[in-house]
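# Tertiary structure, described
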Amino acid sequence: MLYDVAVIGGGVNGTGIARDCAMRGLRVVLFEKTDLSSGATGACTGMIHGGARYLLNDIHTTYLSSLDSGYIQKIAPHLLFRIPFVTPVLKQDPVPEVYIELLETFFEAYDKFAPLKNGKPHIRLTQQDLKALEPGITDDAVGAVSFDEYGIDPFRLCVENAVSAEEHGAQIHTHTEVRQFITEGRDIKGVRVKDMLTGEVRDVHARIVMNAAGPWLPKLAGLAGTQVKIRPGKGVHLILDRRVSNIGIVIKAIDGRQIFMMPHDNTFIIGTTDDDYYGDLDSLWVTHDEIEYLLQAAEHYFPGIRKYRIMRVMTGIRPTLYAWGKNEDKLYREHRIFDHEAEDGIKGFLTIAGGKLASYRLMSEEATDVICKKLGCENPCKTHTEPLPGGHFIPDVKKMAEKFNVDPYAVARTAYRHGSKTEELLGLIEEDPSNRDLVCECEPVMKAEARYAIRNEWARTIPDLRRRTRLGTGSCQGRRCTVRAAFVLGEELGLDSDGIKKLIEGFLKERWKGKAPALMDKQLAEEELNLATHVLSDSLNTIIEK
Amino acid sequence: MDYDVIVIGSGLAGVAAAINAAKTKKVAVIRKGYGATALCSGTFDIAGRTGKRGRPFKDFVSIPQGIGHILENEKQHPYSILSMAFTGDRFNEFITMVNTIGEEFFERLRETGIHYKGSWENNMLLPTQHGAFKATSFCQSSMFPGNLAKLMGRTILFIGFEKTPIHNRTRAEFLRDILSKYGFLSFKDVLYINVDIQSLGLRWNGHDFISLAGIMDDMDNARRIAASIREIVDKQDYDHIFIQPVMGIKNYEDVSKLFSDTFGDALSELVADSPSAPGLRLQYALDRMLAQHGVAVIDGEASCSESPDTIKTVGVSHKDGSKSTFAANSFILATGKFISNGLTKNKTWQESIFGLPAFIGDQPVKDAFAMKYLTDDPLDEQALFSMGVKVDNSLRPVDEDGAVVYKNLYAAGSVLSGYNYIYDKTGMGTALLTGSKAGIFSAG
């Protein structure tokens with residue numbers, strides 16, 4: 001079988017391009033070496049913003065960002081949640097009474113784009129207003145200006161793009177790594193892939209190979225016999241177990257860089273850092289300095305922050321466009337599509353680099369336009385009008401809860417993730433009433449949702465389930481759900497006891513990467529219990545060779 | 001003087017200390033709540049290091065062998081520190097001490113209504129609700145399945161409860177698979193049957209076994225559930241029955257008797273995740289033990305007052321906001337590790353009440369960044385969790401130079417450094433021994 005397009009990478013760009021190509025009628029196959037949204041996409045702040053930072057230098061980018069934010073709200077209404085932000089002005093800021101005027105003027109201009117993305121116009125807050133809104137904020141804050149943005153679950157965004165692509169005929173293969181290219185002369189004719197779970201190797205032919213591998217894209221470009229440089233930037237977020245503030249707060253770090261503190265789902269995020277990174281992309285660890293940098297910034301605005309519980313850290317590498325002579329924060333989140341036929345004389349190979357989550361759809365559209373031009377396809381892009389699979393309507397949570405006799409809160413969380421597909425998912429309860437049971441009590445996640453993710457969304461490991469359902473991301477960080485989740489996967493995939501053990505160890509290791517660097521204070525109590533559960537009570541480390 | 005001895009903490013170590021001191025002294029326990037003991041699985045590990053993954057069970061089955069390994073190789077371990085007092089055959093004298101203190105304590109526990117079964121010679125394997133095993137030395141009699149080897153080639157019956165989230169059927173198969181694969185035991189058959197709690201007219205949330213154990217505290221409910229299990233198992237051919245640990249909490253003595261009257265030795269409880277009913281049973285039994293031995297319980301959070309080398313008083317902040325001060329001749333610190341906030345980080349790590357320096361191994365903890373004491377694999381032994389105060393041979397905390405910090409302060413249980421209960425399987429044994437000895441030392 002000859003595909004029109006083989007996409008490498010299951011991040012938001014890869015899945016976005018796969019969807020667009022499939023919707024335009026192309027035969028699409030996508031390969032992801034681990035899991036959808038397991039690289040840069042899964043480590044991002046999770047915002048669909050209007051691009052306020054480009055306003056002063058590049059108004060058109062702000063316009064396009066705001067426009068696209070509006071589109072994404074239309075195609076995925078269930079996944080978007082509004083996050084009002086404030087930018088506080090501290091008395092230490094240079095001439096604070098003037099600074100706040102400048103800020104307000106800036107956001108007055110940004111307000112012009114608010115209707116495009118259903119944002120509310122800015123409000124100027126006095127010291128008293130700010131204190132009433134956020135009692136934890138420092139007494140040094142003399143006032144603030146608000147603006148309006150939207151948050152999103154980036155994992156769900158990827159999964160829904162992939163599901164949509166599949167609904168339009170695309171083949172999605174996760175845990176499948178592209179090991180080399182099939183070439184004819186210098187031209188690319190396809191890829192040789194390896195299934196990382198079964199070890200099976202096979203060749204897949206395609207007219208165009210689209211390299212959307214994020215931070216791994218230079219490696220793939222190298223395999224294809226060319227070179228694409230990026231400026232890899234490591235970003236770290238701290239994740240707290242509860243909402244510290246009601247709304248997002250824009251703060252400055254010690255070096256003046258902008259950082260967000262914001263509620264996200266039932267957790268709280270502080271981030272991000274931005275540092276050049278040249279280490280192992282497949283083994284990212286967070287340092288003490290990175291944690292302390294973020295904590296100090298937060299403490300400057302929110303003095304009580306160290307009393308809260310940091311559950312874990314999250315980190316990823318931005319595939320920022322290459323630039324020499326700029327410090328990290330000055331690098332724009334621009335993107336570029338490299339046509340290797342035009343640039344290096346390699347036919348059949350494209351690379352997409354740079355960009356940001358909020359403009360994924362626009363970038364996918366541009367990339368697909370390039371692909372279509374090469375393949376002579378004239379069908380127009382419809383990804384801005386056609387809802388994602390769960391985006392057709394918002395279900396009635398109360399009605400669903402009554403119909404399936406399930407806790408309304410659990411339904412509400414499921415409905416956030418699955419939108420108009422919620423009823424189909426809950427239908428699994430009719431197949432087996434025990435599908436009501438909770439696998440993860442923190443989020444909570446029902447067995448039904450875990451099964452649904454395994455059957456319909458390519459979940460093969462517990463981290464895969466975590467990305468699709470938020471299983472294991474709550475305050476117990478996998479203490480209660482790890483083994484339960486392994487057994488659901490075991491049942492669905494027909495695994496033996498070794499397979500189930502491997503799943504458990506895999507998830508414990510994956511969580512540990514996020515937890516270990518930030519282990520302090522209250523989280524240590526949880527971790528003492530967590531290790532005691534998995535090491536001592538379950539004697540995982542003593543199951544036991546003959 | 002309000003008391004002769006004040007113990008801070010009412011987990012296993014604190015209670016062992018209190019009742020030993022109370023043999024001759026007037027004793028009070030100050031506590032702010034329950035900690036790791038209440039959260040435990042209700043089993044007692046004495047020795048039998050787990051070590052690296054994949055080690056055969058036979059390597060850690062012998063308890064004396066496990067203790068011998070510690071005395072020989074782990075100089076910082078509280079077992080080794082306690083053994084320093086012996087001048088003759090350290091190993092044999094230590095083993096004698098373990099048995100004497102342990103037997104006496106289990107006798108005291110029996111007086112509170114909990115009967116522990118097990119052995120000082122060999123660890124046993126108990127099946128867990130996860131379908132794995134826990135190797136341990138003693139367990140509550142209702143959890144004791146007897147010698148699993150006797151069940152070779154027999155039929156095992158798992159009883160689940162309606163709406164349980166733990167995939168009993170798969171777990172039962174998993175257990176069978178593991179057992180036969182790793183060559184301990186192979187069962188003839190493993191069956192799985194559910195009891196429908198709702199059809200008995202009882203309200204239960206369907207996944208919390210502690211709440212089901214609480215429902216069973218009512219003897220009427222317990223009788224109904226036992227009868228329902230009886231009815232199911234009578235139709236089956238089985239050799240042994242495992243159920244979730246739900247035989248009551250506060251009324252465990254009566255409920256477990258009802259089950260042993262109904263099923264004899266053929267039914268036992270699985271080891272559960274924390275928190276579990278057996279852990280709470282143990283904690284409540286310890287509470288009763290304090291009362292039986294005339295130990296006063298003061299509820300509140302302890303704090304120290306300025307004292308150069310001898311502690312005279314501790315302050316207590318009560319839940320209602322009031323404060324009081326208690327004087328004593330000796331004090332015992334049994335505040336636990338991280339779960340109960342016995343250790344905190346204040347720039348660097350320290351013990352929470354007296355500000356004693358924290359140690360990992362022989363070294364004071366200087367670095368606040370935990371990764372220094374962790375590896376990249378959570379199933380490795382993590383040094384961070386062996387953090388605690390360092391003590392001399394009389395269990396008195398010492399500073400970085402090895403000097404005793406307070407002449408009349410003793411420490412016991414998981415606030416101690418030098419061992420890692422998550423990995424070394426001496427958790428309850430260390431709490432019991434150091435607690436008992438601290439109680440004896442403090443009484444002079």
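Residues numbered from 1 in each chain as written. Chains lettered and ligands numbered in written order. Predicted model: local features only at pLDDT ≥ 70, side-chain atom pairs only at ≥ 80, totals over all residues. Heavy atoms only, no water.

### A closer look at the overall build of chain B
As a reminder, the rule being used: For the purposes of this entry, the term helix denotes a DSSP run of H or I that reaches at least four residues, the term strand denotes a run of E that reaches at least two, and both are numbered from the N terminus. Buried, partly exposed and exposed residues are distinguished by accessible area as a fraction of the type maximum, computed with a 1.4 Å probe on protein chains only: under 20%, between the cut-offs, and over 50%, respectively. What makes two residues a contact is simply this: any of their non-hydrogen atoms within 4.5 Å. Each accessible area is a Shrake-Rupley estimate made with a 1.4 Å probe; only the visible protein chains count as cover when residues are assessed. By the counting scheme adopted, Arg and Lys are positive, Glu and Asp are negative, and His together with the chain ends is not counted. We put the charge of a Lys on NZ, of an Arg on CZ, of an Asp on CG and of a Glu on CD.
Each helix and strand counted, chain B has 11 helices and 19 strands in total. On the principal axes, the C-alpha backbone points of chain B span a range of 70 × 45 × 40 Å. Put simply, chain B has 444 residues, and 61% of those count as buried. Put simply, of all contacts in chain B between residues at least 6 apart along the chain, 71% involve residues at least 24 apart. In the form shown here, chain B has an accessible surface area of approximately 16,400 Å², with 48% of it arising from carbon and sulfur atoms. Charged side chains in chain B number 46 positive and 50 negative. The centres of these two groups are separated by 1 Å.

### Some thoughts on the environment of Ser41 of chain B
Residues and elements named next belong to chain B. Stated formally: Any N or O atom pair separated by 3.5 Å or less is treated as a polar contact, with the protein-specific requirement of one donor-capable and one acceptor-capable atom, and with residues adjacent in sequence counted only for side-chain atom pairs.
Turning to its location among the elements, Ser41 is positioned in the loop between strand E2 (27–31) and helix H2 (63–73). On the accessibility criterion, Ser41 (8% relative accessible area) is buried. Ser41 sits 232 residues away from Asp273 along the chain, and the two C-alpha atoms are 6.5 Å apart. Setting aside residues no more than four positions away along its own chain, Ser41 makes contact with Lys134, Met143, Val271, Ala272, Ser276, Pro278 and Gly279. Separated by 2.9 Å, the side chains of Ser41 and Thr43 make a polar contact.

### Structural notes on the pairing of strand E18 (residues 349–354) of chain A
Residues and elements named next belong to chain A. We count it as follows: Pairing between strands is defined by DSSP: at least two bridges between the two strands are required.
Burial analysis of E18 places 6 of its 6 residues in the buried class, the great majority of the element. Judged from the 3 bridges that link them, strand E10 (residues 201–211) and E18 form a sheet pairing that is parallel. What sits directly across from Asn211, in E18, is Thr351. Sheet topology note: the strand E17 (residues 335–339)/E18 ladder contains 5 bridges and is antiparallel. Bridged to Asp339 within E18 is Leu350.

### Here we look at the sheet that holds strand E9 (residues 240–243) of chain B
All names here are of chain B. Test applied: Axis definition: a line fitted to C-alpha atoms, over the contacting stretch in the case of helices. Angles run 0 to 180 degrees between N-to-C directions.
Spatial strand order, E8-E7-E9-E10: 4 strands in an open sheet with parallel pairing. Of all strands in the sheet, those with a lone pairing partner are strand E8 (189–195) and strand E10 (267–269), marking the two edges. Neighbouring strand axes in the sheet, compared pairwise and without regard to direction, differ in orientation by 25° on average. Running at roughly 140° to strand E7 (residues 155–161), helix H7 (residues 219–234) makes contact with E7, E8, E9 and E10 of the sheet.

### Focus: the side chain of Arg19 of chain A
All names here are of chain A. Operational definition: Any Lys or Arg side-chain nitrogen found within 4 Å of a carboxyl oxygen on Asp or Glu counts as a salt bridge.
Relative to the elements of secondary structure, Arg19 occurs in helix H1 (residues 12–23). There is no salt bridge for the buried Arg19, and the closest opposite charge comes from Glu386, which lies 5.7 Å off by N-O distance. A distance of 3.4 Å separates a polar side-chain atom of Arg19 from the backbone oxygen of Thr383. Discounting residues that sit within four places of it in the chain, Arg19 has contacts with Ile75, Asn161, Ser164, Ala165, Thr383, Glu386, Pro387 and Leu388.

### Examining the side chain of Arg31 of chain B
Residues and elements named next belong to chain B. Residue position: Arg31 is located in strand E2. At 3.2 Å, the side chain of Arg31 forms a polar contact with the side chain of Ser10. Dropping the residues within four chain positions of it, Arg31 is found in contact with Ser10, Asp287, Val297, Ile298, Asp299 and Gly300.

### Here's the deal with the packing of H1 of chain A against helix H5 (residues 154–167) of chain A
Residue and element names in this part refer to chain A. Using the following cut-off: Should an angle lie under 35 degrees it is considered roughly parallel, over 145 roughly antiparallel, and from 65 to 115 roughly perpendicular; all remaining angles are considered oblique. Note on convention: the crossing is left-handed when the near helix lies turned anticlockwise from the far helix by less than a right angle, right-handed when the turn is clockwise. Basically, the charged four are Asp, Glu, Lys and Arg, the nonpolar ten are Ala, Val, Leu, Ile, Met, Phe, Trp, Tyr, Cys and Pro, and anything else, Gly included, counts as polar.
One can describe the packing of H1 onto H5 by two numbers: an axis separation of 8 Å at closest approach and a directional angle of 25°. As summarised for this structure, H1 and H5 are arranged roughly parallel, according to the angle between their axes. Relative to H5, the crossing made by H1 is left-handed. Residue-level contacts link Val12, Thr15, Gly16, Ala18, Arg19, Ala22 and Met23 of H1 to Leu157, Cys158, Asn161, Ala162, Ser164 and Ala165 of H5. For the contact of H1 with H5, the residue count by class is 8 nonpolar, 4 polar and 1 charged.

### Quick notes on the domain arrangement of chain A
All names here are of chain A. Note the threshold: The start and end points of each domain follow an automatic or database-based domain assignment. By convention, the term buried area covers the 1.4 Å-probe accessible surface removed from two parts as they join, with the contributions of both added.
When its domains are assigned, chain A resolves into domain 1 (1–79 + 153–228 + 324–391), domain 2 (82–152 + 231–323) and domain 3 (397–545). On a C-alpha basis, the centres of domain 1 and domain 2 stand 28 Å from each other. Summed over both partners, the interface of domain 1 with domain 2 buries about 3,500 Å², with 64% contributed by carbon and sulfur atoms. Taken together, the links from domain 1 to domain 2 amount to 1 salt bridge. The partner of Lys33 in a salt bridge is Asp282, with the nearest N and O atoms 2.7 Å apart. Taken together, the connections running from domain 1 to domain 2 amount to 12 residue pairs in polar contact (both at pLDDT 80 or more). Listed by contribution, the elements that provide at least two residues to the side of domain 1 that touches domain 2 are strand E3 (47–48), helix H2 (59–75), H5, E17 and E18. A total of 9 residues in the side of domain 1 that touches domain 2 trace back to one element, the largest contributor, which is H2. Class assignment of the residues belonging to the side of domain 1 that touches domain 2 gives a composition of 23 nonpolar, 16 polar and 8 charged.

### Considering a nonpolar patch on the surface
Heads up, the condition is: Patch membership needs two things, relative accessible area over 30% and no salt bridge, and members are linked within 9 Å if like-charged or within 5 Å if nonpolar (Val, Leu, Ile, Met, Phe, Trp, Tyr).
Residues Val95, Val98 and Leu102 of chain A make up a contiguous nonpolar surface patch of about 270 Å² in total accessible area. Here Val95 of chain A shows up in the loop between strand E4 (80–90) and helix H3 (96–111).

### Quick word on helix H4 (residues 90–112) of chain B
Residue and element names in this part refer to chain B. The criterion, for reference: Each residue after the first adds 1.5 Å to the expected span of a helix.
For H4, spanning 23 residues, the distance from its first C-alpha to its last is 33 Å, which sits close to the expected 33 Å at 1.5 Å a residue. Turning to H4, its buried residues number three or more, namely Phe94, Ile95, Met97, Val98, Ile101, Gly102, Phe105, Phe106, Arg108, Leu109 and Thr112. Positive phi appears at Gly113, one or two residues downstream of H4, with a value of about 110°.

### Description of the pattern of salt bridges
Residues and elements named next belong to chain A. A full pass over the atoms with the stated rule returns 67 salt bridges over all chains. A salt bridge links Lys117 to Glu149, with the nearest nitrogen and oxygen atoms 3.5 Å apart. Of the two residues, Lys117 is situated in the loop between H3 and strand E5 (124–126) and Glu149 in strand E6 (residues 141–152); the sequence distance between them amounts to 32 residues. Residues Lys117 and Glu149 agree in their burial class; the two are buried. Linking Asp276 and Arg231 is a salt bridge whose minimum nitrogen-to-oxygen distance equals 2.8 Å. Taken together, the residues span a long stretch of sequence, with Asp276 in strand E15 (residues 275–276) and Arg231 in strand E11 (residues 230–240) at a distance of 45 residues. Of the residues examined, Asp276 reaches a relative accessible area of 28% and is grouped as partly exposed. Given a relative accessible area of 10%, Arg231 falls into the buried group. Connected via shared salt-bridge partners are Asp265, Arg413, Arg417, Glu443, Glu449 and Arg470.

### Quick notes on the packing of aromatic side chains
Here is the rule we go by: Each aromatic pair joins two rings of Phe, Tyr and Trp (for Trp, the six-membered one) with centres within 6.5 Å, and gets the label stacked for planes under 30 degrees apart, edge-to-face for over 60, and tilted for any other angle. Only when the NZ atom of a Lys or the CZ atom of an Arg is both within 6 Å of the ring centre and within 35 degrees of the ring normal do we say a charge sits over the ring.
One pass over the full model with this rule turns up 23 aromatic pairs over all chains. Ring geometry for Phe85 of chain A against Phe260 of chain A: centres 5.1 Å apart, planes inclined by 50°, an arrangement best described as tilted. You can see Phe85 of chain A sitting in strand E4 and its partner Phe260 of chain A sitting in strand E13 (residues 258–264), a full 175 residues away along the chain. Between the aromatic rings of Phe106 of chain B and Trp120 of chain B, the centroid separation amounts to 6.0 Å while the plane-to-plane angle is 45°, which identifies the pairing as tilted. Taken together, the residues Phe106 of chain B in helix H4 and Trp120 of chain B in the loop between strand E3 (116–118) and strand E4 (124–127) connect sequence positions 14 residues apart. For the pair Phe106 of chain B and Trp120 of chain B, one class covers both residues: buried. Cluster of aromatic residues (ring-pair linked, three or more members): Phe85, Phe106, Phe107, Tyr110, Phe147 and Phe260 of chain A. The ring of Tyr284 of chain B carries the charged tip of Lys250 of chain B above its face, separated from the ring centre by 5.1 Å.

### A few points about the environment of Asn92 of chain B
Residues and elements named next belong to chain B. Note on placement: Asn92 falls in helix H4. For Asn92, a relative accessible area of 40% translates into the label partly exposed. Through-space distance from the C-alpha of Asn92 to that of Val391 is 23 Å; in sequence the pair is 299 residues apart.

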